[in-house]
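Inside the fold
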Amino acid sequence: MSARPKSTLKPRADVTEVTGHRNPTAAEIRFGEGATHYATYPIADWLKRDGTLKNWIVSPYDGLRYYR
């Protein structure tokens, strides 16, 4: 299996937020909240040192991984 290509996507200058998504946890499914969850975070949370976007971040609120 080959490695994924590195992301070279740089955001436009007018972008201030990125919306991420995640699948529900097993506990959320048992509780009846089995939908995809979305959350919006500041662009600074998504940027790598080289200015490109990360593929995922860990939410500071619930500690779960959100994907772009």
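Here's what I pulled together on the structure shown here. Model, not experiment: these values are computed from the prediction.

**Details of the environment of K54**
Relative to the helices and strands, K54 resides in the loop between α2 (43-46) and β3 (56-58). K54 sits 44 residues away from K10 along the chain, and the two C-alpha atoms are 9.9 Å apart. Those residues in contact with K54, other than ones at most four positions away along the chain, are D45, W46, L47, K48 and R68.

**What to know about the nonpolar core**
Residues V18, A39, Y41, I43, W46, L53, I57 and Y66 constitute the largest nonpolar core, which totals 8 residues. When contributions to this core are tallied by element, the ones reaching two or more residues are β2 (37-42) and α2. Ignoring sequence-local partners within four residues, the contact set of A39 consists of V18, T19, G20 and Y66.

**What to know about the pattern of salt bridges**
Counted under the stated rule, the structure contains 3 salt bridges. Residue R22 is joined to E28 by a salt bridge in which the shortest nitrogen-to-oxygen separation is 2.9 Å. E28 gets classed as buried once you look at its relative accessible area, which sits at 15%. Across the salt bridge formed by R22 and D62, the nearest N and O atoms sit 3.9 Å from each other. Pair noted here: R22 is in strand β1 (residues 17-22) and D62 is in the loop between β3 and β4 (65-67), with a separation of 40 residues, a long-range link. In this structure D62 comes out as partly exposed when scored by relative accessible area, which is 36%. Taken together, the shared-partner salt bridges in this structure form one network comprising R22, E28 and D62.

Reading guide: rules and limits
- Residues numbered from 1 in each chain as written.
- Predicted model: local features only at pLDDT ≥ 70, side-chain atom pairs only at ≥ 80, totals over all residues.
- Heavy atoms only, no water.
- Helix = DSSP H or I, 4+ residues; strand = E, 2+ residues; numbered from the N terminus.
- Contact = heavy atoms within 4.5 Å.
- Core = buried A, V, L, I, M, F, W, Y, C linked by side-chain atoms within 4.5 Å.
- Buried < 20%, exposed > 50% of the residue type's maximum accessible area, 1.4 Å probe, protein only.
- Salt bridge = Lys/Arg side-chain N within 4 Å of Asp/Glu carboxyl O.

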